Amino acid sequence: MLKQRIITALILLPIALGGFFLLEGSGFALFIGLVVSLGAWEWARLAGFGAQSFRVGYAAVVALMLFVMYILPGLAPWVLGASVLWWAVATYLVLTYPQSSGHWASAACKLVIGFLILLPAWQGLVQIKQYPLGNWLIMAVMVLVWGADIGAYFSGRAFGKRKLAPQVSPGKSWEGVYGGLALSLAITVLVGFVRDWTVAQLFKGLIGAAVIVFVSVVGDLTESMFKRQSGIKDSSNLLPGHGGVLDRIDSLTAAIPLFAVMLWMAAP
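If you check an unreviewed UniProt entry, the protein chain appears there as Phosphatidate cytidylyltransferase from Pseudomonas ekonensis. Here the protein chain is described in UniProt, under the heading Subcellular location (unreviewed entry), as follows: "Cell membrane". According to its UniProt record, the protein chain has this under Catalytic activity (unreviewed entry): "a 1,2-diacyl-sn-glycero-3-phosphate + CTP + H(+) = a CDP-1,2-diacyl-sn-glycerol + diphosphate".

### With respect to the overall build of the protein chain
Within the protein chain one finds nine helices and two strands. The order of helices and strands in the protein chain, counted from the N terminus, is α-α-α-α-α-α-β-β-α-α-α. Whereas a compact globule of 268 residues would reach a radius of gyration of roughly 18 Å, the protein chain reaches 18 Å, a difference of no more than 12%. The dimensions of the protein chain, computed from C-alpha atoms along their principal axes, are 55 × 50 × 40 Å. Expressed as a percentage of its 268 residues, the buried residues of the protein chain come to 46%. Here the analysis covers contacts within the protein chain between residues at least 6 apart in sequence; of these, 72% occur between residues at least 24 apart. With the model as given, the accessible surface of the protein chain reaches about 13900 Å², and the carbon-plus-sulfur share is 73%. One finds the centroid of the 17 positive side-chain charges in the protein chain at a distance of 6 Å from the centroid of its 10 negative side-chain charges.

### Digging into the layout of surface pockets
Taken as a whole, the second largest pocket encloses approximately 1300 Å³ of empty space. In this structure, the second largest pocket is lined by 30 residues; those nearest its centre are Leu-137, Trp-197, Gly-205, Phe-259 and Leu-263. Listed by contribution, the elements that provide at least two residues to the lining of the second largest pocket are α6 (134-159), α7 (174-194), α8 (199-230) and α9 (245-266). By residue number, the principal contributor to the lining of the second largest pocket is α8, which donates eight residues.

Conventions and cut-offs
Each residue is numbered by its place in its chain's sequence as written, counting from 1. Local features in this predicted model are restricted to residues whose pLDDT is 70 or higher, and side-chain atom pairs enter the listing and the counts only when it is 80 or higher, whereas totals over whole chains, interfaces and linings include all residues. Note: side-chain values were computed over all heavy atoms of the structure, leaving out hydrogens and water. UniProt positions are given in the numbering used here, feature names are shortened, and annotations may be inferred rather than shown by experiment. Numbering of helices and strands runs from the N terminus, with a helix taken as a DSSP run of H or I at least four residues long and a strand as a DSSP run of E at least two residues long. Radius of gyration: C-alpha atoms only; globule rule: 2.2 Å multiplied by the number of residues to the exponent 0.38. Residue exposure (1.4 Å probe, protein chains only): buried if accessible area is under 20% of the type maximum, exposed if over 50%, otherwise partly exposed. Contacts were defined at the residue level, with two residues in contact if any of their heavy atoms lie within 4.5 Å. Here the open area of atoms and residues is found with the Shrake-Rupley method and a 1.4 Å probe, where only the protein chains shown may cover a residue. In this count, Lys and Arg are taken as positive residues and Asp and Glu as negative ones, while His and the chain termini are left out. Charged side chains are reduced to one point each, which is NZ for Lys, CZ for Arg, CG for Asp and CD for Glu. Cavities and pockets were defined on a 1 Å grid built from protein atoms only: a cavity is a group of points that admits a 1.4 Å probe but offers it no way out, a pocket is an open group of points flanked by protein on both sides within 12 Å along at least five of seven lines, and a lining residue is one with an atom within 4 Å of any such point. Grid points are joined across faces, edges and corners, and a volume is the space filled by probe spheres set on the points.

In structure tokens form, the structure reads like this:
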């Protein structure tokens with residue numbers, strides 16, 4: 001399994017970095033759209049649809065919606081606004097699972113939730129890419145999420161006692177969350193020092209980083225909740241040793257739209 005994970009990571013990393021840094025405009029939107037469409041194909045299975053025809057059809061619908069969003073950029077504020085509301089609701093659903101499952105157990109509701117998770121993630125990346133330092137801003141949110149994951153893993157293993165959401169993901173602990181937050185905040189302080197931020201800029205950066213970390217945890221737990229409800233371990237086997245696309249981007253689907261919204265709010 002470890003060998004598979006390493007080989008897959010070595011193959012995917014240059015593809016991902018090339019897509020993020022080398023592609024622009026429609027090429028970038030298409031690259032991210034392919035990833036999101038694969039995630040939609042996996043989500044249909046989490047929603048309870050195992051037939052390939054339906055899963056492909058759902059992915060095609062998502063791809064069509066992405067195209068509409070691309071040609072109608074005025075939809076972006078509505079899409080990102082819907083994402084903010086959804087992740088607030090998702091936080092409640094995760095914290096109250098399994099009682100909350102009665103609100104979203106129907107297949108139709110799960111399919112709509114798929115739209116709320118996947119479409120804003122694409123929109124957020126497209127929006128961030130348009131900033132003067134778009135590539136580095138995309139890398140920044142990813143580093144924050146990866147830092148949170150790494151910090152949570154090691155602090156959870158070393159100190160984890162209080163379960164975060166035992167009905168959703170028994171392995172996660174509050175100590176892990178605090179460790180992940182600490183590492184991400186340390187990364188933010190380092191960046192602020194290198195870029196010579198003022199005290200006010202550093203304070204805003206730390207608040208923003210904390211928000212991203214917490215919402216990324218919600219994103220991770222949300223997919224875990226749907227997988228547990230469906231009795232599925234991995235979203236698919238597309239990535240040997242890693243599971244599926246959704247298993248790799250679950251935290252980012254929550255973090256990226258919120259990051260895009262915060263950038264918009266911080267703009268002069």
